[in-house]
Amino acid sequence: MNPDACDPLAHTSMYQRAEEDSDDSDGEGGLGNVSRVIVRPPGHSGKAKRGHLCFDAAFETGNLGRVDLVGEFEYDLFLRPDTCNPRYRFWFNFTVDNVKQDQRVIFNIVNMNKSRNLFKDGMTPLVKSTSRPKWQRLPRCEVFYYKSPVHQNHYVLSFAFGFDKEDEVYQFALTFPYSYSKMQAYLNAVELKFPEAFERSTLGMSIQNRKLELITFDDVKKPDKMDPKNVIHMVVILARIHPGESPASYVVQGLIEFLAAANQPISKALREHVVFKIVPMLNPDGVFLGNNRCNVIGHDLNRSWNKLSHTYDNVYRYERHLVFPKLFATKCEDFCQEHMMFNADDRKSGTARRYFVEALSDIVNTYTLEVSMCGYFLNGTNILTQYTEDGYMRIGRNLARTFLEYYRFTNILPIPPVDELRPRKGRPRTHRPRARSKTRSEVRVRPKTTRAYAPISYTDLSICYDSATSEDGSPVRYMYGHGPPGGYGGFRMRPLIHQDQFSLSNIQAARFSNLDFTSDFRLKVPKAKVPQEPKMPPIEMLNVPPKPHLTIIDFNQLTRGGLEEATGAKPIEREKEKIRRHMFKSSSRKA
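Everything quoted here is computed from the prediction, not taken from an experiment.

Colleague: Looking at this structure, I do not really get helix α1 (residues 180-193). What am I missing?
Modeller: In an α-helix there are 3.6 residues to a turn, and that puts residues three or four apart on one side. Its 14 residues place the ends of α1 20 Å apart at the C-alpha level, agreeing with the 20 Å of an ideal helix rising 1.5 Å per residue. The secondary structure elements touched by the buried residues of α1 are β12 (199-205), β13 (211-217), α3 (247-260) and α5 (284-289). N-capping of α1 is provided by Ser179, with a side-chain oxygen placed 3.1 Å from the backbone N of Lys182.

Here you go:
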């Protein structure tokens, strides 16, 4: 055997495995995550072959307790419950490798405790692989959520999947994971890029000795804070109380990144007038362990406040609470203000929001922002827009913009002048203006000519223009004396042909062959063939001079040669000869 050859079952995922981990681990019967568990078919002994799937969830934020092979291509997956609390089982995150080319399987997650969830509304799990690190959602046609009689009528999440590459490690998750290590790496990068934008400190340590990070944005001037008359406006944000709600970490990341931008005028104005205190991960132990709601000792931190609150009946406080959500709805198309509850939910007793409403002053507003794990519907439509990591971070950026509008609305931040609110219009910075010459050239006066304008006769002007439009977009023209009754002044009106026969472009295109210039310079146009209409009794015209709505043609602009050609007899005879030749050719072709 070649000593340099690699074991085909060697762990190829991005996670480091300990040497004492066994391939035959049974996952401790649901008490812990599976660790390199290879599922072999019944009756098979010896070394595993390609296609005997290897499951692993013994990594940060991982969750998968047990795997059973129930068919040739079907597996039942059991989620590990939260540590010290078997009630909560919903979050999952695991990897699969040692697959066969084009191997198709069915995974059944059989022990979810949360029957009301977004899988009923079309949400699907996420998947990525070693060579394709971007998360993708499984197609809806491959995912099913139903009551299974085989599993005691419990709700089961089943999805089919086909492995297309053998040397790949595939990872499946409920939604986009956001680990404690990722948060630490991000804060280190932001602190290195913007060293003076915020202050990073440790609020405390968790039970498993992990940091409770506290991020502070505070550029408020010191004299303002020392003056007792001035009130310091502060925003406190607590995130990731529940470990399974990883979208909250992306929202906070977008908010921190927006506030830390030094050259951003919105963030600069907010930092100079408002103090921001952000705890990006309040339950780091639960996040690290892959729990759904609890910390390491099984406590739901958002149900552990020592004082229950009731619904307040202060109408002024209620109206104040409405301001920020309404402004937020104008910034975020994915925020639905109709779903706001405002302490009318008794099931939320013991939450941080309800506790702070009772414990703090009545001028303090407290909110809980819930973000979907799947997506949102566009306003007034059934079009589902699925979230991505950047989509969640966009919510955080829009949250910062809403803070700006809110504090301007409450007169905390000055409203900029109108000139600054309007977008600046100008040439791009890459444009370089031309150097102006110091010597100015004299403007020459145009010499006077002996041009004389042709006289225009306003008799028998029977054309007027109406405000309506024709089918091709041009104005509809009406003629007095024709059309259905009910026109202006009792006149009957009908639309003329859409094309303007008296436009200069049509006159030039006709080569003046159909014009007869008489002594009074009036135009005679051949009558167009129109369908015959029933004769109506003559209408006596009123002797009211119509308005001179006529296109005036300056015949002095015509060239001398063109005028001679139009008025000469020989050119007219040549045009008649051309018409006769054309008719003769047409008749010979038909024969």
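Colleague: What is the right way to read the UniProt feature "active site" (unreviewed entry) in the protein from this model?
Modeller: The feature "active site" (unreviewed entry), as given by UniProt, occupies Glu370 in the numbering adopted here. Along the chain, Glu370 turns up in the loop between α7 (352-359) and β16 (375-377). Glu370 sits in the exposed class, given a relative accessible area of 59%.

Colleague: Where do I start with the sheet that holds strand β10 (residues 154-163) in this structure?
Modeller: Pairing is mixed in the open sheet, where 5 strands are placed in the order β3-β4-β6-β10-β9. The open sheet is flanked by β3 (66-69) and β9 (143-148), the only strands paired with a single partner. Across the sheet, the mean angle from the axis of one strand to that of its neighbour is 25 degrees, orientation sign disregarded.

Colleague: Quick question: what am I supposed to make of the nonpolar core here?
Modeller: A general feature of soluble globular proteins is that nonpolar side chains tend to end up buried together. Core analysis: the largest hydrophobic core is formed by 49 residues, its most contacted members being Phe217, Ile256, Leu259, Leu270, Phe276, Ile278 and Phe403. Those elements that place two or more of their residues in this core are α1, β13, β14 (233-238), α3, α4 (265-273), β15 (274-279), α6 (315-331) and α8 (389-409). In terms of residue count, α8 provides more of this core than any other element does, 9 residues in total. Counting residues domain by domain, this core receives three or more from each of domain 1 (37-173) and domain 2 (180-413 + 550-560). Those residues in contact with Leu259, other than ones at most four positions away along the chain, are Phe217, Ser267, Leu270, Arg271, Phe276, Ile278 and Ala400. Counting residues in hydrophobic clusters, the runner-up holds 36 residues, among them Phe107, Ile109, Phe163 and Cys374.

Colleague: Whenever I open this one, the sheet that holds β14 confuses me. Can you help?
Modeller: In a beta sheet, neighbouring strands are held together by backbone hydrogen bonds and run either parallel or antiparallel to one another. Taken in spatial order, the 4 strands line up as β12-β13-β15-β14 in an open sheet, and their pairing is mixed. Both outer strands of the open sheet, β12 and β14, are each paired with one neighbouring strand and no more. Across the sheet, the mean angle from the axis of one strand to that of its neighbour is 20 degrees, orientation sign disregarded. Taken strand by strand, α4 contacts β13, β14 and β15, and its axis lies near 100 degrees from that of β15.

Colleague: I tried to follow a nonpolar patch on the surface on my own but got confused; where do I start?
Modeller: Taken together, the side chains of Ile232, Met234, Val236 and Leu238 present a nonpolar region at the surface, about 330 Å² in accessible area. For Leu238, the position within the fold is in strand β14.

Colleague: Is there a simple way to think about the pairing of β9 in this case?
Modeller: Consecutive side chains along a regular strand alternate between the two faces of the sheet. Judged from the 6 bridges that link them, β9 and β10 form a sheet pairing that is antiparallel. Directly across from Lys147, in β10, lies its bridge partner Tyr155. Count of turn residues in the β9/β10 antiparallel hairpin: 5 residues, of which Gln152 carries a positive phi of about 60 degrees.

Colleague: Even after reading the chapter, I still don't get a positive patch on the surface, so can you show me in this structure?
Modeller: Where like charges cluster on the molecular surface, the positive patch consists of Arg116, Lys120, Lys147, Arg303 and Arg347. Tracing the backbone shows Arg347 in the loop between α6 and α7.

Colleague: Could you clarify how one ought to interpret unusual backbone geometry in this entry?
Modeller: Peptide bonds are mostly trans, and most non-glycine residues show a negative phi. With phi around 65 degrees, Cys84 is a residue other than glycine that occupies positive phi space. Structurally, Cys84 is set in the loop between β4 (74-78) and β5 (93-97). The phi angle at Asn209 is positive, at roughly 65 degrees, despite the residue not being glycine. With respect to the element layout, Asn209 can be found in the loop between β12 and β13. Here Asn209 falls in the exposed class, since its relative accessible area comes to 57%.

The rules behind each value
Position numbers for residues count from 1 along each chain, tracking the sequence in the order it is written. At least 70 in pLDDT is required for a residue's local features to be given in this predicted model, at least 80 for side-chain atom pairs to be given and counted, and no such filter applies to totals for whole chains, interfaces and linings, which use all residues. Here the side-chain values reflect all heavy atoms present in the structure, with hydrogen atoms and water set aside. Numbering goes from the N terminus for both helices and strands, where a helix is a DSSP run of H or I of at least four residues and a strand is a run of E of at least two. By this rule, a helix spans an expected 1.5 Å times one less than how many residues it contains. Any two residues whose heavy atoms approach within 4.5 Å are treated as being in contact. Pairs of N or O atoms within 3.5 Å make up the polar contacts considered here, provided that, within protein, one atom can donate a hydrogen while the other can accept it, and that residues adjacent in sequence are counted only when both atoms are side-chain atoms. UniProt positions are given in the numbering used here, feature names are shortened, and annotations may be inferred rather than shown by experiment. Relative accessibility thresholds used throughout: buried, under 20% of the residue-type maximum; exposed, over 50%; partly exposed, between the two (1.4 Å probe, protein chains only). Strands were regarded as paired on the criterion that DSSP finds at least two bridges between them. Note on definitions: angles span 0 to 180 degrees between N-to-C directions of axes, and those axes are lines fitted to C-alpha atoms, for helices only across the stretch in contact. Here, the term nonpolar core denotes a set of buried Ala, Val, Leu, Ile, Met, Phe, Trp, Tyr and Cys residues that are joined through side-chain atoms within 4.5 Å. For the purposes of this description, domain bounds are those given by an automatic or database domain assignment. Grouping into patches uses exposed residues only, defined as over 30% relative accessible area, and leaves out salt-bridged ones; the cut-off is 9 Å for like charges and 5 Å for nonpolar side chains (Val, Leu, Ile, Met, Phe, Trp, Tyr). Note on areas: Shrake-Rupley with a 1.4 Å probe; residue coverage comes only from the protein chains shown. A pair is scored as a salt bridge if a Lys or Arg side-chain nitrogen falls within 4 Å of a carboxyl oxygen belonging to Asp or Glu. Working convention for charge: Lys and Arg count positive, Asp and Glu count negative, and His plus the chain ends are omitted. The atom standing in for a charge is NZ when the residue is Lys, CZ when it is Arg, CG when it is Asp and CD when it is Glu.

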